[in-house]
Each structure stands twice: as C-alpha cells, then as structure tokens.
Amino acid sequence: MPLNVPPPHRRAVLAGLFAGVLALPLAGRAFAENGTKRIGIIGGGHIGSTFAALWSKAGYEVLVASRHPEELKGLVESLGPKARAGTPADAFAFSDAVFLAIPYSAYPAFAKEHAAALKDKIVIDAGNATQGRDGAVYEEVAAEGIAAASRKYLPGARIARAFNAINYKIFVAQANRPAPRMAVPIAGDDEAVAVARILVADAGFDPVVVGPLKEADRFAMGSPGFGHDLPAPELKAKLGLKP
C-alpha cells in the first residue's frame, strides 16, 4: 500500500466528511480538512487522561487543562513531549476543538466562567450526570435530558456528545483492537460531529452518527443505548439506525 494512503477506517471517515467539509466554520474546517493534530482536553480524570493518552499515541499535540495545572505534571510527563498542562482558558486558545471531561456538577460554573470562549467553539462533550456525585444538576438532567442540559450549559458552542456511552475502562481495553472495532455513538451539531468522527477514529474506534444533539438522549447513561461494546452494524441496530 502506498505510504500516503490512510488506513481503511480513516479513509472511510474522511470520505464521509468530504461532502460537508466546505460547510464547516473556519475552526472545524481546519480540523477536518487540514488534519489539525491539536486537542485541548479539559479535565484530567479517568476519561480525560484516557483520551489524552490515546490521542497522544495517534500523534496529536495535547493540552490537558484544569484549575490546578501543576497537579497534572505526572500525567503530561507520561504522555511525552507533545503534551502540556494548562488552564481551561489555555485549552480554548490551544486548539480548534476542546474535549470536555469534567464532573457534570461543574458545568454551571464552567459555563458562567467561560461563556465568551464557548461561543462558536467546537466542544466534544464527554460528561455524564450521576446521582451520587452531581446532586441537583443530576435531577435537572433526569428531568430534561442530557442533550438539553448540555445545550444549556455550553451556551453558543457547537456541541457533539461522544465518548460517554460506556465506562472508560472499556475504552482503555478496546482501543485499536482488530476489526471489527468497537463503535462509539455521536450526536450533535454538524460541525462538531465532523470533528468528533475524526477524533473517534484516531482514538481507535469506529464512529456511529446517531443524529442531532437531541438524539444524544438515546445513548445517555441509564438509557437502553448505554453501555454497549459492539461493532458499528450491531450498535446501529441497537439504536434503531439504518445499516
């Protein structure tokens, strides 16, 4: 195979993106068309550190952010020379897209602090609301749905919900497995979904686009679509999508 031919999974993703790439805003177009390899990850917990490692392995420059970036020193050192630590503001400035992996109870304060930076920013939202940890925000999500809550707390952002339909330990175990690879459902705004598809593929999984952001409720925690380690055809069947 010629060296400039991408592997089959990435070739398929790129082919699917081609028709819509010209419609992307400038930030999303840079990521999809030019193959930008920079991602800001907000949150250094289990899910943030898991994907920091996977994308670093795939050749990305990674900035992992928290309110206390000095506490991330060990993590970024383990990721190699292309990784660094910073604040959430640094993450917004660093990349055309950010990966949000913070406790859902922190979303209201995060939205208030970063409202200006969120406008038109591509946000890959990996958060889940859990009853024991997230209190009143969990009750709000239970009443309104995760899609509506994410839209509320990420005002003005171009959102795709992804990487939140299964435990992080499964992502660690199944990344880059031989075909058929594990599928990851995505729902959101077109521009953000285009970026999320690339990130899913580069992390070692197959993207399955479920629909606009409201469809994220179909694979939210506690829904019938949550928690499935399945290849794409079987996940599509589980979610009632066309093959």
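Residues numbered from 1 in each chain as written. Predicted model: local features only at pLDDT ≥ 70, side-chain atom pairs only at ≥ 80, totals over all residues. Heavy atoms only, no water.

You'll find the chain entered in an unreviewed UniProt entry as Pyrroline-5-carboxylate reductase, with Methylobacterium organophilum given as the organism.

1. Side note on the sheet that holds strand β8 (residues 206-211)
Within a sheet, neighbouring strands are paired by backbone hydrogen bonds and run either parallel or antiparallel to one another. On the basis of which strands lie adjacent, the open sheet formed by eight strands has the order β3-β2-β1-β4-β5-β6-β7-β8 and mixed pairing. Each end of this open sheet is capped by a strand with a single partner; those strands are β3 (83-86) and β8. The mean inter-strand angle of the sheet, taken between neighbouring strand axes irrespective of direction, is 25 degrees. Relative to strand β6 (residues 158-161), strand β5 (residues 122-125) is paired through four bridges, and the arrangement is parallel. Its bridge partner lying in β6, Ile122 is registered against Arg158. The strands touched by helix α11 (residues 190-203) within the sheet are β1 (38-42), β4 (97-100), β5, β6, β7 (183-188) and β8, with β7 carrying the most contacts at an inclination of about 165 degrees. (Pairing = 2+ DSSP bridges. Helix = DSSP H or I, 4+ residues; strand = E, 2+ residues; numbered from the N terminus. Axes fitted to C-alpha atoms, helices over the stretch in contact; angles between N-to-C directions. Contact = heavy atoms within 4.5 Å.)

2. Concerning α11
For the α-helix, the turn length of 3.6 residues means that residues three or four positions removed from each other point alike. For α11, built from 14 residues, the straight-helix expectation of 20 Å at 1.5 Å per residue is met to within 8% by its first-to-last C-alpha distance of 20 Å. The buried fraction of α11 is high, at 13 of 14 residues. Within two residues after α11, Gly204 carries a phi angle of roughly 110 degrees, on the positive side. (Expected span 1.5 Å × (residues − 1). Buried < 20%, exposed > 50% of the residue type's maximum accessible area, 1.4 Å probe, protein only.)

3. Section: the pairing of β8
With five bridges joining them, β7 and β8 adopt parallel strand pairing. Paired with Val184 across the strands is Pro207, a residue of β8.

4. Here we look at empty space enclosed by the protein
What the rule picks out here adds up to one cavity of 30 Å³ or more. Taken as a whole, the largest cavity holds about 70 Å³ of empty space. Contributing to the lining of the largest cavity are Ala165, Ile166, Phe171, Met182, Ala183, Val184, Pro185, Gly225, His228 and Leu235. Counting residues per element, the lining of the largest cavity draws most heavily on β7, which supplies three residues. Here the residues of the lining of the largest cavity sort into eight nonpolar, two polar and no charged. (1 Å grid on protein atoms, 1.4 Å probe; cavity = no way out; pocket = protein on both sides within 12 Å on 5 of 7 lines; lining within 4 Å. Points joined across faces, edges and corners; volume = space filled by probe spheres on them. Nonpolar A, V, L, I, M, F, W, Y, C, P; charged D, E, K, R; others polar.)

5. Considerations on the layout of surface pockets
Of the pockets and cavities examined, the largest pocket occupies roughly 420 Å³. Around the largest pocket, the lining comprises 20 residues; the ones closest to its centre are His46, Ile47, Ala126, Asn128 and Arg133. Across the lining of the largest pocket, the residue classes tally to 10 nonpolar, nine polar and one charged.

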